[in-house]
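Notes for the structure review
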Amino acid sequence: MQSNLQPKEEEKRTIKAAATQTNAASKNITDTCKGIDNDRVRSIRAQQQKQHEIKAKLAKQQKRLAEKEKKKLIHESLQHEAADQAYERRRQVIREEQSMLQAATQEIAISNEAEETERRELLRMQNLEYEESLRLDQRRLLQATIETERCRRRATALQDAIHRLEGAGIYTADLPIIKQNTITAVEINDEDKIQVRLMLPSGKRVQVTYSKYHSIGLIYDFALVILNYNLIKHISTQEVTRSTQSERKADDEWKELFDAFTIKTTFPPQTFEEMDLTLEQCGLQQSVMLMVTVESD
């Protein structure tokens with residue numbers, strides 16, 4: 001029995017010893033692991049600290065770089081702003097210069113337009129003055145032509161009246177322009193003679209011998225010639241173109257050419273206006289006083 005107990009105790013001791021060794025080894029391992037872990041932790045912490053420091057340095061560097069970049073951007077921004085301001089000022093100057101140039105151009109255009117308008121107005125006024133002067137010249141020429149034609153017609157009418165008087169043999173020393181035509185004039189018989197005394201508007205009396213067969217128109221011819229004697233003296237015979245078959249002028253034409261006048265008796269007053277009536281038909285005999293009355297307008 002004792003021999004059986006010894007192996008068991010021996011086994012127990014062995015087991016105990018093995019357990020002790022195992023515990024010791026575990027402890028050693030644990031301690032070793034703990035040492036290893038502490039070193040690793042310290043190493044990791046050191047690495048982390050180093051990385052943290054590196055990161056801090058990088059952060060600081062990045063911050064400095066960011067600040068530097070910010071300052072640079074601010075500087076550049078300021079430079080750009082100054083450049084923009086300078087550019088804007090230059091553009092403003094250019095705009096002002098363009099505005100001034102445009103205003104000057106407009107002013108020149110307005111001035112040119114005003115000058116052109118004034119020139120056109122002056123030209124228009126000159127044209128109007130020229131046209132008015134031309135119209136006046138044409139009017140004066142027309143009036144001169146009308147007056148020349150009127151004088152010609154008056155001269156022709158007076159010459160016709162003179163020729164009718166000369167053809168009828170009516171002659172008086174008071175009117176020497178009427179020539180005594182001994183060839184074509186018809187001699188008046190004493191029985192047919194009528195002494196006509198004409199009282200002119202001036203008061204002058206002229207005595208003329210007519211025949212009772214003469215028309216009252218011949219008395220008007222004589223009065224016409226003697227009233228316009230001064231006109232006859234200023235008329236050139238070269239300007240008078242008398243027709244060979246002259247006719248008596250109408251009343252309206254006589255009034256147009258000469259001052260209208262009438263022949264009438266003194267008492268009782270009787271006006272003779274029918275030119276074709278003979279003196280006998282008008283009741284005039286032997287000696288008669290007739291008045292020449294010039295009609296006023």
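Here, every reference points to the structure presented above.
Okay, so let's go over this structure. Because the structure is a prediction, the values reported are computed rather than measured. (Residues numbered from 1 in each chain as written. Predicted model: local features only at pLDDT ≥ 70, side-chain atom pairs only at ≥ 80, totals over all residues. Heavy atoms only, no water.)

1. Comments concerning helix α2 (residues 216–227)
The periodicity of an α-helix, 3.6 residues per turn, causes residues three or four positions apart to be oriented the same way. Taking 1.5 Å of rise per residue, the twelve residues of α2 would be expected to cover 16 Å, and the 17 Å separating its terminal C-alpha atoms lies within 8% of that figure. Burial analysis of α2 places eleven of its twelve residues in the buried class, which makes it a mostly covered element. When we look at burial in α2, the residues that qualify are I216, G217, L218, I219, Y220, D221, F222, A223, L224, V225 and I226. (Helix = DSSP H or I, 4+ residues; strand = E, 2+ residues; numbered from the N terminus. Expected span 1.5 Å × (residues − 1). Buried < 20%, exposed > 50% of the residue type's maximum accessible area, 1.4 Å probe, protein only.)

2. Looking at the sheet that holds strand β1 (residues 193–199)
The five strands lie next to each other as β2-β1-β5-β3-β4, forming an open sheet whose pairing is mixed. Looking at the sheet topology across the chains shown, the edges are occupied by β2 (205–211) and β4 (271–272). Two strands pair when backbone bridges link them, and strand β3 (residues 261–265) and strand β5 (residues 287–294) are joined in this way by five bridges, in the antiparallel orientation. Residue pairing for β5: T265 is matched across the bridge by L290. Strand contacts of α2: β1, β2, β3, β4 and β5, with the helix running at about 125° to β3, the strand carrying the most contacts. (Pairing = 2+ DSSP bridges. Contact = heavy atoms within 4.5 Å. Axes fitted to C-alpha atoms, helices over the stretch in contact; angles between N-to-C directions.)

3. Regarding the pairing of β1
Pairing of β1 with β2, which is carried by seven bridges, proceeds in the antiparallel orientation. Across the sheet, the residue bridging to K193 is S211, located in β2. Connecting β1 to the next strand, β2, in antiparallel fashion are five residues, including G203 with a positive phi near 100°. Alignment of β1 against β5, held across five bridges, turns out to be parallel. Across the sheet, the residue bridging to V196 is V288, located in β5.

4. Here's the deal with the pattern of salt bridges
For side chains of opposite charge, pairing can occur when their charged atoms come near one another. This model, assessed by the stated rule, comprises ten salt bridges. Between E88 and R95 there is a salt bridge whose closest N-O contact spans 3.1 Å. By relative accessible area, R95 is classed as partly exposed at 35%. Across the pair D192 and K212 runs a salt bridge whose closest N-O atoms are separated by 3.7 Å. Linking D192 in the loop between α1 (2–167) and β1 with K212 in the loop between β2 and α2, this pair joins segments that are 20 residues apart in sequence. What makes D192 buried here is its relative accessible area of 12%. By relative accessible area, K212 is classed as partly exposed at 22%. (Salt bridge = Lys/Arg side-chain N within 4 Å of Asp/Glu carboxyl O.)

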